[in-house]
Amino acid sequence: MRRTLVPRMEPYVSSIFGEMSTLAAQTGAVNLGQGFPDTDGPHEIKEIARAAIADGRGNQYPPVHGLPDLREAIADHQQRFYGLTLDPGTDVVVTTGASEAIQSSLLALCDQHDEVLVFEPWFDIYAVGIDLSRARRVSVPLRPPAFRPDIDALRDAITDRTRLLLLNSPHNPTGVVFTREELQAIADLAIEHDLIVLADEAYEHLWYDGHPHIPIATLPGMAERTVTVGSAGKSFSFTGWKVGWASGPTDLIRAVRAVRQHLSFVSGGPFQYAIAHGLRMPDSYFESFRHGLAAQRDILTTGLRDLGFTAVESEGTYFLTTDLGPFTDYPDALALARDLPHRAGVVAIPLQSFCDHAGVGDAALRWAYCKRPEVLREALDRLGRA
Ligand code: GLN
């Protein structure tokens, strides 16, 4: 056979999201797997993209590190919500979604023999990015059933090769939002061991009920060592537009820019105008967005609990984590998730697909509640009948 895929990429030929969405399509199941909203974001943002295309703004390559107006809007947003001061000229880069911000940061900042710390369950692309950079993934389990970070385990995982800590809060897939105390303990270790932190804050505006998102860059001594990643897809419900960004100190963003410009070069010119507007929308937009999602979360949480599942309170993101509930006749979450579309007509994601250690995610499912109430109720009805 001729040589094709490099061996270290072989594990990534398929993804759990692809597998489960294909199953959903084949079986007609309600897809509570892949995390995307089934309702588009604000009309006014769409209208700006539409007008930009019609008026010929952004139809040709935008500036390589992002439209200046969008970079300014990102810097203003970080100042307005978090008090972080950034120079849009040097400290911000627009990316093709948060994914590209994460992958180009890993490629730019990590090398062979470096170790990257990541909390487990981790979002799947982290594993790919770490392998692409030839660094080594060192995963530290969030402890089930509550999935809170274990700071002693994190400390024990640090070696003199640890280069970067990849942090994701609000956390996909568990729905946990790290508290100030947890973040401070992580920051203390990062400072003590001189680690770079890559903070995936894609879900920064998706937190509920007094579990505010706190960017780790706002803690003392952290701004100078943190690359923070944001997502227009998640903050404005346009996941198909693939607009994201990274921000941080000039030297780290210089590194990210160096790599990123040679990946997608630029992306989505007209969308960049639209997202610049979105970032300047009043607080009321962000608040009502949050309230809407919290209501959807409550429908799914209550419904699944009524069916006999044990649910971890979802403090943020699109996602709710439960045990296997009444479906006790399966060896693990993956086996159940693969059969659930056939048996019940519903798709969920097994947490074990995001784990290195046995016992962390084998008995846990992730359910996406960023769906219209009637879709959530239909899924619950189907589960009840099964
Ligand atoms: N971020 C989304 C999720 O976690 C989509 C992931 C994907 O399809 N690659 O479900």
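Here goes a summary of the coordinates provided. (Residues numbered from 1 in each chain as written. Predicted model: local features only at pLDDT ≥ 70, side-chain atom pairs only at ≥ 80, totals over all residues. Heavy atoms only, no water.)

Considerations on the overall build of the protein
Across its full length, the protein carries 13 helices and 13 strands. Since a compact globule built from 386 residues should have a radius of gyration of about 21 Å, the 20 Å found for the protein is in line with a globular shape. In terms of principal-axis extent, the alpha carbons of the protein reach across some 55 × 55 × 55 Å. Here the protein has roughly 15700 Å² of accessible surface; of this, 52% comes from carbon and sulfur atoms. Separation between the mean location of the 35 positive side-chain charges and that of the 49 negative ones in the protein comes to 5 Å. (Helix = DSSP H or I, 4+ residues; strand = E, 2+ residues; numbered from the N terminus. Rg over C-alpha atoms; globule rule 2.2 N^0.38 Å. Areas by Shrake-Rupley, 256 points an atom, 1.4 Å probe, with all protein chains shown as cover. Lys, Arg positive; Asp, Glu negative; His and termini not counted. Charge placed at Lys NZ, Arg CZ, Asp CG, Glu CD.)

Let's talk about the site of the ligand
Around the ligand, the neighbouring residues are Phe17, Gln34, Gly35, Phe123, Asn172, Tyr203, Lys234, Phe319 and Arg366. Backbone polar atom of glycine 35 to an oxygen atom of the ligand: 2.7 Å apart, as the coordinates give it. Contact between the ligand and asparagine 172: an oxygen atom at 2.9 Å from a side-chain N or O atom of the residue. Protein coverage of the free-state accessible area of the ligand, which is 290 Å², stands at 79%. In the shell around the ligand, the residues fall into four nonpolar, three polar and two charged. (Near = heavy atom within 4 Å. Polar contact = N/O pair within 3.5 Å; in protein donor to acceptor, adjacent residues only side chain to side chain. Nonpolar A, V, L, I, M, F, W, Y, C, P; charged D, E, K, R; others polar.)

Remarks on the pattern of salt bridges
The full count for this structure, using the stated rule, is 22 salt bridges. A salt bridge links arginine 136 to glutamate 115, with the shortest nitrogen-to-oxygen separation between them at 3.4 Å. In this pair, arginine 136 is assigned in strand E4 (residues 136-141) and glutamate 115 in strand E3 (residues 115-120), connecting sequence segments 21 residues apart. Overlapping salt bridges bring together Asp209, Arg297, Asp298, Arg305 and Glu313 as one network. (Salt bridge = Lys/Arg side-chain N within 4 Å of Asp/Glu carboxyl O.)

Regarding the pairing of strand E7 (residues 226-231)
Burial analysis of E7 places six of its six residues in the buried class, the great majority of the element. Side chains of E7 alternate between two faces, with Thr226, Thr228 and Gly230 and Val227, Val229 and Ser231 buried alike. Strand direction decides the pairing type here: strand E6 (residues 196-200) and E7, joined by four bridges, are parallel. Across the sheet, residue aspartate 200 finds its bridge partner in E7, namely valine 229. Relative to strand E8 (residues 244-247), E7 runs antiparallel, the two being bridged by four bridges. (Buried < 20%, exposed > 50% of the residue type's maximum accessible area, 1.4 Å probe, protein only. Pairing = 2+ DSSP bridges.)

Brief notes about the packing of aromatic side chains
Applying the stated criterion across every chain, the model contains 19 aromatic pairs. Seen in terms of ring centroids, phenylalanine 81 and phenylalanine 286 are 5.1 Å apart; in terms of plane orientation they differ by 75°. Their pairing is edge-to-face. Of the two residues, phenylalanine 81 is situated in helix H3 (residues 68-82) and phenylalanine 286 in helix H11 (residues 283-306); the sequence distance between them amounts to 205 residues. Note on phenylalanine 81: relative accessible area 28%, which makes it partly exposed. (Phe/Tyr/Trp six-rings, centres within 6.5 Å; stacked < 30°, edge-to-face > 60°.)

A look at the pairing of E4
Here E3 pairs with E4 via six bridges, running parallel. Opposite valine 118, over in E4, you have serine 139 as the bridge partner. A crossover connection joins E3 to the parallel E4 through helix H5 (residues 124-132); in handedness this β-α-β unit is right-handed. (Right-handed = clockwise from strand over helix to strand, strands pointing away.)

Section: the nonpolar core
Judged by nonpolar contacts, the single largest core of 95 residues is most densely connected at Leu70, Leu106, Leu164, Phe236, Ile275, Leu300 and Trp367. Among all residues touching isoleucine 275, those that are not within four sequence positions of it are Ile45, Leu70, Ala232, Phe236, Trp241, Val243 and Trp245. Residues Phe147, Leu154, Leu195 and Ala199 belong to the second largest nonpolar core, which totals 31 residues. (Core = buried A, V, L, I, M, F, W, Y, C linked by side-chain atoms within 4.5 Å. Contact = heavy atoms within 4.5 Å.)

Some details on helix H10 (residues 269-279)
With eight of eleven residues buried, H10 is to be regarded as a mostly interior element. When H10 is considered as a whole, its buried residues turn out to be Gly269, Pro270, Gln272, Ala274, Ile275, Ala276, Gly278 and Leu279.

A short note on helix H13 (residues 373-385)
Taking 1.5 Å of rise per residue, the 13 residues of H13 would be expected to cover 18 Å, and the 18 Å separating its terminal C-alpha atoms lies within 8% of that figure. Listed in full, the buried residues belonging to H13 are Val375, Leu376, Ala379, Leu380 and Leu383. Buried residues of H13, viewed axially, fall in a sector of 140°; they line one side. Buried residues along H13 sit in contact with strand E1 (30-31), H11, helix H12 (333-343), strand E11 (346-347) and strand E13 (365-368). (Expected span 1.5 Å × (residues − 1). Arc of directions from axis to C-beta.)

Looking at the packing of helix H4 (residues 97-109) against H5
Relative orientation of the contacting elements H4 and H5 amounts to 30°, with a least axis distance of 8 Å. One element, H4, and the other, H5, form an angle in the roughly parallel class. When the axes of H4 and H5 are compared, the crossing they make is right-handed. Two secondary-structure elements touch here, H4 through Ser99, Ile102, Gln103, Leu106 and Leu107 and H5 through Ile125, Tyr126, Val128, Gly129, Ile130 and Leu132. Taken together, the residues of the contact of H4 with H5 sort by class into eight nonpolar, three polar and no charged. (Axes fitted to C-alpha atoms, helices over the stretch in contact; angles between N-to-C directions. Parallel < 35°, antiparallel > 145°, perpendicular 65-115°, else oblique. Left-handed = near helix turned anticlockwise from the far one by under 90°.)

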